[in-house]
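Okay, here's what each chain looks like letter by letter:
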Amino acid sequence: MKAILPFAVMCVGMFIALLDIQIVASSLADIGGGLSAAQDEISWVQTAYLIAEICVIPLSGWLTRVFSTRWLFAASALGFTASSMLCGLAWNIQSMILFRGLQGLLGASMIPTVFTSSFHYFDGPRRVYAAAVVGTIASIAPSLGPVIGGWITDTLNWHWLFYVNLVPGILVTVGVAALVDIDKGDLKLLKDADYPGIVLMAITLSTMEYVLEEGTRWNWFDDKTIRDCAIVSAIAGMLFVARSLTYAKPVVELRALTNRNFALGCILSFVTGIGVFATIYLTPLFLGYVRGYSAWQTGVAVFSTGVASIVGVPVYVALGKRVDLRWLMLFGMTSFGLSMWAFTFITSDWSGSELLVPQILRGFPQVFAVAPAVTLGLGSLPPERLKYASGLFNMMRNLGGAVGIAVCGAVLNDQTNLHFMNIASTLNPTNTAMNTLLTRLGARMTGVLGSAPGGHLAALEQLRAVAYREASTMAYADAFRTIMLAFLVTVPLVLLLRKVTPPKAPAPGGGH
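Residues numbered from 1 in each chain as written. Predicted model: local features only at pLDDT ≥ 70, side-chain atom pairs only at ≥ 80, totals over all residues. Heavy atoms only, no water.

> I'm lost on the overall build of the protein in this one. Help?
Scanning the protein from terminus to terminus reveals 21 helices and zero strands. Taking 2.2 N^0.38 as the reference for a compact globule, 512 residues should give roughly 24 Å; the C-alpha atoms of the protein span a radius of gyration of 24 Å, in line with that estimate. Viewed in the frame of its principal axes, the protein has a C-alpha envelope of about 85 × 50 × 45 Å. When the 512 residues of the protein are sorted by exposure, 56% land in the buried category. Taking contacts inside the protein between residues at least 6 apart in sequence as the whole, the part at least 24 apart equals 85%. On the protein, roughly 20,900 Å² of surface is accessible, and the fraction owed to carbon and sulfur atoms is 70%. Taken together, the 32 basic and 27 acidic charged side chains of the protein have centroids lying 11 Å from each other. (Helix = DSSP H or I, 4+ residues; strand = E, 2+ residues; numbered from the N terminus. Rg over C-alpha atoms; globule rule 2.2 N^0.38 Å. Buried < 20%, exposed > 50% of the residue type's maximum accessible area, 1.4 Å probe, protein only. Contact = heavy atoms within 4.5 Å. Areas by Shrake-Rupley, 256 points an atom, 1.4 Å probe, with all protein chains shown as cover. Lys, Arg positive; Asp, Glu negative; His and termini not counted. Charge placed at Lys NZ, Arg CZ, Asp CG, Glu CD.)

The following block contains the structure:
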């Protein structure tokens, strides 16, 4: 019980931090309307959070050494709670973007800190349970975001997407300050910290995230800002790697990548991030734009994914004590890839019932794909490297999500245009079915408008809308196929992982 209660409190903090990445996903239109924001501005409500979060996550290991796990987590929870309130009070899109950035910046440390704390609180076979809990939160929280966000927006209003964090945030802050005692901070580390490395890493990740998030909208390297940011990211990234490998006390332990399990775990975590975040991005988008669903309808339609994920947890825990974790991960990654194949049969008529089976196939194996990577990747490292490496490990999953969303956005954009042109090329006077449809639609619209030319134009417009809808649906199938290929390519890497025999947990206070 001494271990379970503080760990549970920390898990709540991790859950709300991860939930907030996607809680706005199905409510962006409502937030945009409330803040009088243009469509190209509103996506920054998510982008600002992700950019800030991805810059801080790799620093969390160093920050725990400086301030201790207890006070870093408590400060992170308190900052997240305060910035959540500010988001709810935002008066225009600029203030919302600023406060969302603060929310991601201040709350980010809660995520990797839970991963490392699980290795402190649990040893031996109990780490399977801890990894299952952490893996479940990492996969379910983003999946539940659109569901919970849609319900809150439709029941109350979008402001409550942020106010809902206030009570749990305060409880987590107080609970962690009172219960968590893992290590002691050392403020002397601030003196010889690698500040140039921190700056280079922040520049690398923030500009990379900007390129990934905004590239599709601005036609990638045709846009000067995108082009400049890509160059800056590449140069800063190379300098950061060189600095981290040569500096005696780097803020991010890149040398941990020489450990085969950790390196493979990072790659597999990256691909899992693609799968989890990109499908959460694609499914609500399809239901909103192709099917015309509201935020709540979208949330209900994707709810089966979260339920299936929860059902998978006790199955994973039961098997984790008896079966080699590498085989469980192989099952998880393969099943996730197969679920993406099921999504490729999508049509414009698909709703919650048609999405049910593919989403169950995707949700159930999520914990099998995420949890073993924690034990096999992080569990293979010596305790002195664990804190510094955990930030890098967690960053890879979020970076995978950013890359997955960017690639899927590009696929949707390019393939929709391609499919539309292909469909349009068949819509000519020799197409009998098209002529019959136009005649029927024209007659109906003429009756409504009272004008034959007007009726004919309205019929053509409806035909164009149908062609675009079908082209868009085919593009969604292409995007799901792209995710499937990412899993297909990386599944064999699981076979290269070594079996891990976890060491005993360190004694309290021995984490520095």
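> Would you explain a nonpolar patch on the surface in this entry?
Judged by side-chain polarity, Met85, Leu86, Leu89, Leu98, Leu102, Leu105 and Leu106 come together as a nonpolar surface patch covering roughly 560 Å² of accessible area. Looking at the nonpolar patch, the elements with two or more residues in it are helix H6 (69-88) and helix H7 (93-107). For the nonpolar patch, the element with the most residues is H7, which contributes four residues. Relative to the assigned elements, leucine 86 resides in helix H6. (Patch = residues over 30% accessible without salt bridge, like charges linked within 9 Å, V, L, I, M, F, W, Y side chains within 5 Å. Salt bridge = Lys/Arg side-chain N within 4 Å of Asp/Glu carboxyl O.)

> Would you explain the packing of helix H1 (residues 4-22) against helix H11 (residues 166-179) in this entry?
Helix packing geometry: the angle between the two helix axes and the distance between the axes. Packing of H1 against H11 brings their axes to within 9 Å, and their N-to-C directions diverge by 145 degrees. Taken as a pair, H1 and H11 cross one another with a handedness that is left-handed. Mapping the contact onto sequence places Leu5, Pro6, Val9, Met10, Val12, Gly13 and Ile16 in H1 and Gly169, Val172, Gly175, Val176 and Leu179 in H11. Taken together, the residues that form the contact of H1 with H11 break down as nine nonpolar, three polar and no charged. (Axes fitted to C-alpha atoms, helices over the stretch in contact; angles between N-to-C directions. Left-handed = near helix turned anticlockwise from the far one by under 90°. Nonpolar A, V, L, I, M, F, W, Y, C, P; charged D, E, K, R; others polar.)

> What is the right way to read the environment of valine 403 from this model?
Mapped onto the elements, valine 403 comes out in helix H19 (residues 383-426). The residues touching valine 403, leaving out its near neighbours within four places in the chain, are Leu212 and Phe270.

> Would you take a moment to explain the side chain of threonine 416 for this structure?
If you trace the backbone, threonine 416 turns up in helix H19. Residue threonine 416 is classed as buried on the basis of its relative accessible area, which comes to 6%.

> Got a minute to help me understand the nonpolar core in this structure?
Generally speaking, a soluble globular protein has its nonpolar side chains buried in company with each other. By size, the foremost hydrophobic cluster in this structure holds 120 residues, and its most contacted members are Met14, Phe115, Phe262, Met333 and Ile483. With 13 residues, helix H14 (residues 260-289) is the single largest residue contributor to this core. Not counting the four nearest positions on each side in its chain, phenylalanine 262 is found in contact with Ala256, Leu257, Gly377, Leu378, Ser380, Leu381, Ala389, Leu392 and Phe393. Ranked by size, the runner-up nonpolar core spans 20 residues in total, among them Leu19, Leu28, Ile42 and Trp158. (Core = buried A, V, L, I, M, F, W, Y, C linked by side-chain atoms within 4.5 Å.)

> Any chance you could explain the confidence of the model for the protein here in plain terms?
Fine structural detail should not be taken from predicted coordinates in areas where pLDDT scores are low. With 92% of its residues at a pLDDT of 70 or more, the protein has an overall mean of 81. By mean pLDDT, the top-scoring element of the protein is H6 (91), and the lowest-scoring one is helix H3 (residues 39-42) (65). (pLDDT = per-residue confidence, 0-100.)

> Would you explain unusual backbone geometry in this entry?
Most peptide bonds are trans, and most residues other than glycine sit at a negative phi. The backbone phi angle of serine 68 is positive, close to 85 degrees, even though this residue is not glycine. Summarising the element assignment, serine 68 is placed in the loop between helix H5 (60-67) and H6. Serine 68 gets classed as buried once you look at its relative accessible area, which sits at 3%.

> I keep staring at the environment of methionine 434 and nothing clicks. Help me out?
Along the chain, the position of methionine 434 falls in helix H20 (residues 432-449). Distance from methionine 434 to serine 68, taken between C-alpha atoms, is 69 Å for residues 366 residues apart in sequence. The residues touching methionine 434, leaving out its near neighbours within four places in the chain, are Leu427, Asn428, Pro429 and Leu463.

> Teacher, can you tell me more about H14 here?
It helps to recall that an α-helix has 3.6 residues per turn; residues three or four apart then point in one direction. Here H14 spans 43 Å end to end across 30 residues, near enough to the 44 Å set by a 1.5 Å rise per residue. By the criterion of burial, H14 is predominantly enclosed, with 23 of the 30 residues buried. For H14, the capping residue at the N-terminal end is asparagine 259, with a side-chain oxygen 3.0 Å from the backbone nitrogen of asparagine 261. (Expected span 1.5 Å × (residues − 1). Polar contact = N/O pair within 3.5 Å; in protein donor to acceptor, adjacent residues only side chain to side chain.)

> Please explain the packing of aromatic side chains as it appears in this structure.
Given two aromatic rings, one states the distance between the centres and the angle between the planes to describe the pair. Evaluation of the coordinates by the stated rule reveals eleven aromatic pairs. Here the aromatic rings of tyrosine 316 and phenylalanine 368 are separated by 5.4 Å at their centres, their planes lie at 90 degrees, and the arrangement is edge-to-face. Pair noted here: tyrosine 316 is in helix H15 (residues 295-320) and phenylalanine 368 is in helix H18 (residues 366-377), with a separation of 52 residues, a long-range link. As far as burial versus exposure is concerned, tyrosine 316 and phenylalanine 368 are alike and both buried. Pairwise contacts between aromatic rings join Tyr316, Phe331, Phe364 and Phe368 into one cluster. (Phe/Tyr/Trp six-rings, centres within 6.5 Å; stacked < 30°, edge-to-face > 60°.)

> When you look at the pattern of salt bridges in this model, what are you seeing that I'm missing?
Oppositely charged side chains may form a pair once their charged atoms are brought near each other. Going through the model one piece at a time under the given rule, you end up with six salt bridges. One salt bridge in this structure joins lysine 184 and aspartate 181, with 3.5 Å as the shortest N-O distance. A salt bridge links aspartate 478 to arginine 481; the nearest nitrogen and oxygen atoms lie 2.7 Å apart. Linking aspartate 478 with arginine 481, this pair stays in helix H21 (residues 452-490), spanning three residues, or about one helical turn. Of the residues examined, arginine 481 reaches a relative accessible area of 34% and is grouped as partly exposed.

> It is not clear to me how the side chain of glutamine 359 should be interpreted in this structure. Could you clarify?
Among the secondary structure elements, glutamine 359 is positioned in helix H17 (residues 352-363). For glutamine 359, a relative accessible area of 0% translates into the label buried. For glutamine 359, the contacting residues outside a window of four places in its chain are Thr283, Ala301, Val302, Ser304, Thr305, Ala308 and Phe343.

> Any chance you could explain the packing of H6 against H11 here in plain terms?
Following both chains from N to C, one finds H6 and H11 inclined at 165 degrees, their axes separated by 8 Å at the closest point. It follows from the interaxial angle that H6 and H11 lie roughly antiparallel. In the packing of H6 onto H11, the handedness of the crossing is left-handed. Where H6 abuts H11, its residues Arg70, Trp71, Phe73, Ala74, Ala77, Leu78, Thr81, Ser84 and Met85 lie against Leu166, Gly169, Ile170, Val172, Thr173, Val176 and Ala177. For the contact of H6 with H11, the per-class residue count stands at eleven nonpolar, four polar and one charged. (Parallel < 35°, antiparallel > 145°, perpendicular 65-115°, else oblique.)

> Explain the environment of isoleucine 198 here, please?
Structurally, the position occupied by isoleucine 198 is in helix H12 (residues 195-214). Given the relative accessible area of 16%, isoleucine 198 is considered buried. Sequence separation between isoleucine 198 and serine 244 is 46 residues, and the spatial gap between their C-alpha atoms is 9.7 Å. Apart from residues lying up to four places away in sequence, isoleucine 198 is in contact with Leu59, Trp62 and Val251.

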